[in-house]
Amino acid sequence: MIVLSAEDVRRAVPMRAAIDAVRDGFRELAAGNFVLPPRQIFGDGAVLVMSAYHSPTGTAVVKKIGIALDQVPAIRATVVWTGDGEQLVAEGSSITTLRTGAVVGVATDLLAAADAARLTVIGTGAQSADQVRAVLAVRPITEVTVTGRSADRAAALAQTLAAEFPDVGFTPTTDLDASIATPDIICCATSSSTPLFTADALPERVHVNAIGAFRPTMRELPRDLFTNSTVVVDQREAALEESGEIIDAVTSGTLTEPDLIELGPALTNPPHPHGRTVFKSVGVGCQDWSIAAALAHAQTS
């Protein structure tokens, strides 16, 4: 058995490699090469169990997640990967933030303007840094605004990222309205139960990623954002079951189920948006499998 720490995960699979792995994983999902059982949810989302089986290779991954939004870190997880007679056990919180960042990188590369230079990240929790790393990996970002309710936490995250990306300007702020007025890309990574903004507050052309709301009772995005936007989801079934903003938009008639474009097929047949674009992710097991498979490969190469 191979046991890997969070540090081992980061060394073995840097963000660019994670984005490539997750992109390939979603292509495999679109090709029908995964068995993805429904996510098991216990205690109103306090404990989650996700799994994925990749039929062509006979490999599988299982992840157990404990979530406590009032603790730091909020997410504690363990990932187990099996295949080729081997078993790999890895610290799962790092895999979760890495694969969530990576799928945002895939979607941003697909949907955002090629010359996007300004990014706003809303939220200063554990997911936020990898959101920024992923967008910087696929777009020529020169300015990042880190927006949070706490000035100290926004400043701390901005300082950490500035040390990692010295050629990018990082500005911490608590002024949400100002931070969303002019960016090319917005990443939402909060645990909000109510929309963070109205569509009118956004630029006419902007790409929005939303990864924070993973329960039907949570919403980061406003209903009116979906009215004239191209909407891509990681998986339609998962979004309709778990995403509060997607459930609300479909229930209200703002969106219909066919309006939801799945990421995997979109990688082969890209949409051609003319205005705003939205990517909503609740996370699916093929993402964890993609990172775990990359980790397993790294151990043997």
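This text follows the structure it describes.
Note that the structure is a prediction, hence the values are computed from the model and not measured. (Residues numbered from 1 in each chain as written. Predicted model: local features only at pLDDT ≥ 70, side-chain atom pairs only at ≥ 80, totals over all residues. Heavy atoms only, no water.)

K.L.:
Is there a simple way to explain the overall build of the protein chain in this structure?
P.N.:
Of the regular secondary structure elements, the protein chain holds ten helices and 15 strands. Taken over C-alpha atoms, the radius of gyration comes to 18 Å for the protein chain, in line with the 19 Å a tight globule of 301 residues would show. Based on the C-alpha atoms only, the size of the protein chain along its principal axes is roughly 55 × 45 × 40 Å. For the protein chain, buried positions account for 54% of its 301 residues. Within the protein chain, counting contacts between residues at least 6 apart in sequence, those at least 24 apart form 69% of the total. In the form shown here, the protein chain has an accessible surface area of approximately 12,700 Å², with 51% of it arising from carbon and sulfur atoms. (Helix = DSSP H or I, 4+ residues; strand = E, 2+ residues; numbered from the N terminus. Rg over C-alpha atoms; globule rule 2.2 N^0.38 Å. Buried < 20%, exposed > 50% of the residue type's maximum accessible area, 1.4 Å probe, protein only. Contact = heavy atoms within 4.5 Å. Areas by Shrake-Rupley, 256 points an atom, 1.4 Å probe, with all protein chains shown as cover.)

K.L.:
Explain the sheet that holds strand β15 (residues 276–280) to me, please; I cannot follow it from the model alone.
P.N.:
In sheet architecture, strand pairing relies on hydrogen bonds along the backbone and comes in two forms, parallel and antiparallel. Taken together, eight strands build an open sheet; the order of strands is β10-β9-β8-β11-β12-β15-β13-β14 and the sheet is parallel. The open sheet has two edge strands with one neighbour each: β10 (169–173) and β14 (261–262). Across the sheet, helix α4 (residues 128–138) touches β8 (118–122), β9 (143–147), β10, β11 (185–188) and β12 (207–210), and the angle it forms with β8 is around 160 degrees. (Pairing = 2+ DSSP bridges. Axes fitted to C-alpha atoms, helices over the stretch in contact; angles between N-to-C directions.)

K.L.:
Could you clarify how one ought to interpret the packing of helix α3 (residues 92–111) against helix α10 (residues 285–300) in this entry?
P.N.:
In helix packing, the relevant descriptors are the interaxial angle and the interaxial distance, both defined with respect to the helix axes. It is at 9 Å that the axes of α3 and α10 come closest, and there the two elements cross at 110 degrees. Considering the angle they form, α3 stands roughly perpendicular to α10. Read as a crossing pair, α3 and α10 show a hand that is right-handed. Contact residues: α3 offers Ile95, Leu98, Arg99, Thr100 and Val103, while α10 offers Gln287, Asp288, Ile291 and Leu295. (Parallel < 35°, antiparallel > 145°, perpendicular 65-115°, else oblique. Left-handed = near helix turned anticlockwise from the far one by under 90°.)

K.L.:
Got a minute to help me understand the environment of Asp288 in this structure?
P.N.:
By the secondary structure assignment, Asp288 is in helix α10. In this structure, the C-alpha to C-alpha distance between Asp288 and Val62, residues 226 residues apart in sequence, is 8.2 Å. Setting aside anything within four residues of it in sequence, one finds Asp288 in contact with Met50, Val61, Lys63, Ile95 and Arg99.

K.L.:
Sorry if this is basic, but what is going on with the pattern of salt bridges here?
P.N.:
Two side chains with opposite charge may pair up if their charged atoms get near one another. As enumerated under the stated definition, the model contains 16 salt bridges in all. Among the salt bridges present, the one from Lys63 reaches Asp288, with a minimum N-O distance of 2.9 Å. In this pair, Lys63 sits in strand β5 (residues 59–67) while Asp288 sits in helix α10, placing the two residues 225 residues apart along the sequence. When salt bridges that share partners are traced, they join Arg10, Asp130, Arg133 and Glu164 into one network. (Salt bridge = Lys/Arg side-chain N within 4 Å of Asp/Glu carboxyl O.)

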